[in-house]
Amino acid sequence: MSKNFDVVVIGGGPGGYIAAIRAAQLGFSVACIDEWKNEKGGPAPGGTCTNVGCIPSKALLQSSENYEMAGHAFADHGIEVKGLSLNLQQMLGRKNTVVKQNNDGILFLFKKNKVSFFHGRGSFAKAAEGGYEIAVAGAANESLVAKHVIIATGSNARALPGAPFDEERILSNTGALAIGEVPKRLGVIGAGVIGLEMGSVWRRLGAEVTVLEGLPTFLGAVDEQIAKEAYKLFTKQGLAISLGVKIASVTKSDKGVTVEYTDDKGNAQKGEFDRLIVSIGRVPNTIGLGTDAVGLKLDERGAIVVDDECRTNLPNVWAIGDVVRGPMLAHKAEEEGVAVAERIAGQHGHVNFNTIPWVIYTSPEIAWVGKTEQQLKAEGVAYKAGTFPFLANGRARAFGDTTGMVKFLADAKTDEILGVHIIGHMASELISEAVVAMEFRASSEDIARICHAHPSLSEATKEAALAVEKRSLNF
Ligand code: FAD
Ligand code: NAI
């Protein structure tokens, strides 16, 4: 016997579980299917983000930063730490606890919102009368019939050709978050978000980290001025970053991994590592989804083809998050999930792709929203820029971390804010003000005239807005 639902969501990551909750809030009968298993084989909803992404990486970033601070930074505050030592198992255990709290939280939210949760793999069986038949293969096999289907099956790490992940020596994000002892020499291929975040974690804990990046520019999507500052700071911290490399081969042995590559001058080089993280991007995941059974259209990258409103080529089948076009970010997946649930209810779901913030949780953090200076130049947009360094901010001095700056880019004629770029302590929190401002199409003058608490890092945002008209007060 099939179970009937108004909405079936396949995938319980940030896109899927949020879509399921919003659809239930709107009065639909909703099921969410997710196949992720915890170490005991039980359900672990939350997807990549909760299990092997956003949450565990931020837990380890915080722990490793605390360790580094205790080792180097506390003395300056008059706090002497003697006999500092690392209990890596405790650190990894704490990370696992944080993950589990989030898994349990989602299961609780499903109950609270009356979302029926099915643990297993969901796939299209066929188009059925009044919708689609979805098979669930799990501890119990089930058949569901859905009027609307929301696909939120996420993405998987991309492997280098000829070097599959074994999660022992050659690590994706999954293995990179669970190394049982600090490697002496850690190689990282790809200086993107994962490479820099995970490279930072293991460097802080004592590994010698070498990052090999294929492109000749560092963090090409980031504002050039901010990326240059970041490169300088990360290199100073001890990350050995080589740009413009070409990987020739990756060879595994009992002792480690050898990477042969040519450097930016075309010279042959060899790196010997105990472990290698490969973080060269992610691929949309439609494995075992049964797309052929219903004729769901994929693009050449394997992503589900959707329009601006997340509609697929099939009536009443929607797709959101990492499995479709656009940035692979948890908050983008969530926004799409809410918008699709509201569209199913006949409302006007809304996602503004121009105001999706990005954050790289290194130390210092890097955060931005909107256009970079190089994009504005390429598009021929006339703009004004204003920057303010944390060096001149009282709260940053009190923290003992004055690295970085806030940078505003505003339209030369209208003064509308076009982009805000921050490198510095708590940039992840500071960027929200810029997102709100841009969502309301504020001008830099608007921010400059708003009262900001003193002393706070957010005063640097106000000062950078003032700097657009060259009238900073504290610099
Ligand atoms: P996912 O989170 O991948 O969830 C998809 C779920 O669907 C999974 O549970 C999967 O098992 C399940 N599934 C797949 N197919 C089926 C099927 N057929 N049947 C049943 N279940 C299925 N983003 C940020 O915004 N901030 C961060 O700080 C951040 N940090 C990250 C750190 C790392 C190391 C990584 C790898 C990613 C990070 N991301 C971050 C990206 C973020 O994790 C993704 O953008 C986000 O998880 C995408 O959400 P999603 O719901 O589309 O897919
Ligand atoms: P990425 O796209 O951020 O970076 C990949 C890097 O690898 C790029 O710099 C690319 O030029 C390089 N590269 C690609 N092929 C290469 C090769 N053969 N040799 C050498 N270098 C090569 O991808 P990453 O770091 O794997 O992360 C995937 C995605 O996950 C991110 O794009 C982001 O969407 C998401 N994520 C978000 C985080 C956040 O919001 N803080 C944290 C971690 C991941």
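Reading the values: rules and limits
Residues numbered from 1 in each chain as written. Chains lettered and ligands numbered in written order. Predicted model: local features only at pLDDT ≥ 70, side-chain atom pairs only at ≥ 80, totals over all residues. Heavy atoms only, no water. UniProt positions renumbered as here; feature names shortened; annotations may be inferred. Helix = DSSP H or I, 4+ residues; strand = E, 2+ residues; numbered from the N terminus. Pairing = 2+ DSSP bridges. Near = heavy atom within 4 Å. Polar contact = N/O pair within 3.5 Å; in protein donor to acceptor, adjacent residues only side chain to side chain. Areas by Shrake-Rupley, 256 points an atom, 1.4 Å probe, with all protein chains shown as cover. Nonpolar A, V, L, I, M, F, W, Y, C, P; charged D, E, K, R; others polar. Buried < 20%, exposed > 50% of the residue type's maximum accessible area, 1.4 Å probe, protein only.

### Some remarks on the UniProt feature "domain: Pyridine nucleotide-disulphide oxidoreductase dimerisation" (unreviewed entry) in the chain
When the UniProt feature table is mapped to this numbering, "domain: Pyridine nucleotide-disulphide oxidoreductase dimerisation" (unreviewed entry) covers residues 356-465. Its end C-alpha atoms 20 Å apart, residues 356-465 is made of 35% helix and 28% strand.

### So, the sheet that holds strand β14 (residues 275-278)
The 5 strands lie next to each other as β7-β14-β8-β9-β10, forming an open sheet whose pairing is parallel. Pairing within the sheet leaves two strands with one partner each, and these edge strands are β7 (170-171) and β10 (240-242). Here 4 bridges tie strand β8 (residues 185-189) to β14, and the two strands are oriented parallel to one another. Looking at β14, one finds that Gly187 is bridged to Leu276.

### Quick notes on the pairing of strand β12 (residues 257-262)
As defined by bridge partners, strand β11 (residues 246-252) adjoins β12 across 6 bridges and the pair is classed as antiparallel. When the sheet's bridge partners are listed, Thr251 is paired in β12 with Thr258. Taken together, the 6 bridges between β12 and strand β13 (residues 268-273) define a ladder with antiparallel strand orientation. Counted as the bridge partner of Glu260 is Lys270 from β13. What sits between β12 and β13 in their antiparallel hairpin is a turn of 5 residues, with Gly266 showing a positive phi close to 85°.

### Focus: the site of ligand 2
Close to ligand 2 lie 22 residues, the nearest being Ile194, Glu213, Gly281, Met328 and Val359. Measuring from an oxygen atom of ligand 2, one finds a side-chain N or O atom of Glu213 at 2.6 Å. Interatomic distance of 2.9 Å between a backbone N/O atom of Gly281 and an oxygen atom of ligand 2. Out of a free accessible area of 830 Å², ligand 2 has 75% covered by protein chains.

### Concerning the site of ligand 1
As a structural note, the neighbourhood of ligand 1 is formed by 38 residues, with Asp34, Thr48, Lys58, Gly122 and Asp322 the closest of them. Pro14 places a polar main-chain atom, nitrogen or oxygen, 3.4 Å from an oxygen atom of ligand 1. The side chain of Thr48 places a nitrogen or oxygen atom 2.7 Å from an oxygen atom of ligand 1. Coverage of ligand 1 by the protein chains reaches 94% of its 1000 Å² of free accessible surface. For the shell around ligand 1, the secondary-structure elements that each account for two or more residues are α1 (14-25), β2 (30-34), α2 (47-52), α3 (54-73), β3 (115-128) and α9 (330-344). When its residues are assigned to classes, the shell around ligand 1 shows 14 nonpolar, 18 polar and 6 charged.

### Some words on the environment of Lys377
Structurally, Lys377 can be placed in helix α10 (residues 373-378). Placed 211 residues apart in sequence, Lys377 and Asp166 show a C-alpha to C-alpha distance of 44 Å.

### Quick notes on unusual backbone geometry
Among all residues except glycine, the phi angle is most often negative; among peptide bonds, the trans geometry is most common. Residue Pro364 is reached from Ser363 by a cis peptide bond, and omega for that bond is 0°. Examined against the element boundaries, Pro364 turns out to sit in the loop between β17 (358-360) and β18 (365-370). Look at the link from His454 to Pro455: it is a cis peptide, with omega at -5°. The residue Pro455 is located in the loop between α13 (444-448) and α14 (458-467) in this model. Its identity is not glycine, yet Glu167 carries a phi of approximately 60°, on the positive side. Here Glu167 lies in the loop between β6 (155-157) and β7. By relative accessible area, Glu167 is classed as partly exposed at 30%. Not every positive phi belongs to a glycine, and Met426 is a case in point at roughly 65°. For Met426, the location among the structural elements is in the loop between β21 (417-424) and α12 (427-439).

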